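Analysis of the macromolecular model
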Amino acid sequence: LWLLIVFIGADFIYLNFFWCAPISEYDAFFDEKIVLYARVVAEPLKLGNDMRLELLPDSSKYSEKILATVRQRNEFKFGDEILLVGKLKAPQNTPDFDYRDYLLAQGISAQSYYPEVYILGRSQLGTRGLVFSKLLQAKDYLFAEITMHLPGQPGALLIALLSGDKEYLNKN
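These notes cover the structure that comes with them. (Residues numbered from 1 in each chain as written. Predicted model: local features only at pLDDT ≥ 70, side-chain atom pairs only at ≥ 80, totals over all residues. Heavy atoms only, no water.)

1. Remarks on the overall build of the protein
- Of regular secondary structure, the protein possesses four helices and seven strands.
- Seen in sequence order, the protein has helices and strands lined up from the N terminus as α-β-β-β-β-β-α-β-β-α-α.
- In the protein, buried positions account for 31% of the 172 residues.
- Counting contacts in the protein only where the partners sit at least 6 residues apart, residues at least 24 apart contribute 62% of the total.
- When the accessible area of the protein is evaluated, it comes to approximately 12,000 Å², of which 60% is carbon and sulfur surface. (Helix = DSSP H or I, 4+ residues; strand = E, 2+ residues; numbered from the N terminus. Buried < 20%, exposed > 50% of the residue type's maximum accessible area, 1.4 Å probe, protein only. Contact = heavy atoms within 4.5 Å. Areas by Shrake-Rupley, 256 points an atom, 1.4 Å probe, with all protein chains shown as cover.)

So, in structure tokens, the structure goes:
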């Protein structure tokens, strides 16, 4: 019994005082202005006037993604090769949600808010990227057809149900 109590106590002390969170590949660049060549590796997410891009640097040194929140001036697409100029930040937790671990589970370890982003080119997608790109085009076509044939709230509700994205719904 005493051995069990000592083991649990030692585990508690280690976890609370000595264990360090995993270090991001980008820790050395946090709060520094960077210039980064990257590729859009997921479908861009439109949020009002903003857009979120999941980016993977064009370097074999980095395997973790960066989540960039940008203004919607350009129409970004999956596979775009881009140049990002801005600051990297570590994801910040709130008191009731561990946002950092949520992003780490998706392979994202850094964020950038409103950097300058330039499209360098549309990529030559491999077979896997080509299939994913075609699926995104089919989804966009389906949503456009729904919007054309079922305008207003009914169409928005159907799109929200199909996609699981509540951004299509009216805020009221």
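2. Overview of unusual backbone geometry
- Here the phi dihedral of aspartate 31 falls at roughly 65°; this positive angle occurs in a residue that is not glycine.
- Mapped onto the secondary structure, aspartate 31 falls in the loop between helix H1 (2-18) and strand E1 (33-40).
- Judged by its relative accessible area of 47%, aspartate 31 is partly exposed.
- Positive phi, normally seen in glycine, also occurs at tyrosine 114, with a value near 55°.
- Within the secondary structure layout, tyrosine 114 lies in the loop between strand E6 (108-113) and strand E7 (116-121).

3. Observations regarding the pairing of strand E5 (residues 81-87)
- Where burial is concerned, most of E5 is hidden: five out of the seven residues are buried.
- Across seven bridges, the pairing between E1 and E5 is antiparallel. Paired with valine 35 across the two strands is valine 85, which belongs to E5.
- Pairing of E5 with E7, which is carried by five bridges, proceeds in the antiparallel orientation. Looking across to E7, one finds that isoleucine 82 is bridged to isoleucine 119. (Pairing = 2+ DSSP bridges.)

4. Structural notes on the packing of aromatic side chains
- Here the structure, examined in full by the defined rule, presents five aromatic pairs.
- Between phenylalanine 29 and tyrosine 62 the ring centres are 6.4 Å apart and the planes differ by 70°, which places this aromatic pair in the edge-to-face class. Here phenylalanine 29 is found in the loop between H1 and E1, whereas its partner tyrosine 62 is found in the loop between strand E3 (50-57) and strand E4 (65-71), with 33 residues between them in sequence.
- Where tyrosine 99 meets tyrosine 102, the ring centres are 6.1 Å apart and the plane angle is 20°; that geometry is what we call stacked. Placement of both tyrosine 99 and tyrosine 102 in helix H2 (residues 99-105) is noted, with a separation of three residues, approximately one turn of the helix.
- For tyrosine 102, a relative accessible area of 44% puts it in the partly exposed group. (Phe/Tyr/Trp six-rings, centres within 6.5 Å; stacked < 30°, edge-to-face > 60°.)

5. Considering the pairing of E1
- Side chains Ile34, Leu36, Ala38 and Val40 of E1 all project onto a buried face; the interleaved residues Lys33, Val35, Tyr37 and Arg39 project onto a face where none is buried.
- The pairing of E1 with E3 spans three bridges and is antiparallel. Its bridge partner lying in E3, alanine 38 is registered against proline 57.

6. Structural notes on the nonpolar core
- Tyr26, Leu55, Val70, Phe76, Ile82, Leu84 and Leu88 are the most contacted members of the largest nonpolar core, which has 19 residues in total.
- Counting residues per element, this core draws most heavily on E1, at four residues.
- Leaving out residues up to four positions away in the same chain, leucine 88 has contacts with Tyr26, Phe29, Phe30, Asp31, Glu32, Ile34, Ile66, Ala110, Gln111 and Ser112. (Core = buried A, V, L, I, M, F, W, Y, C linked by side-chain atoms within 4.5 Å.)

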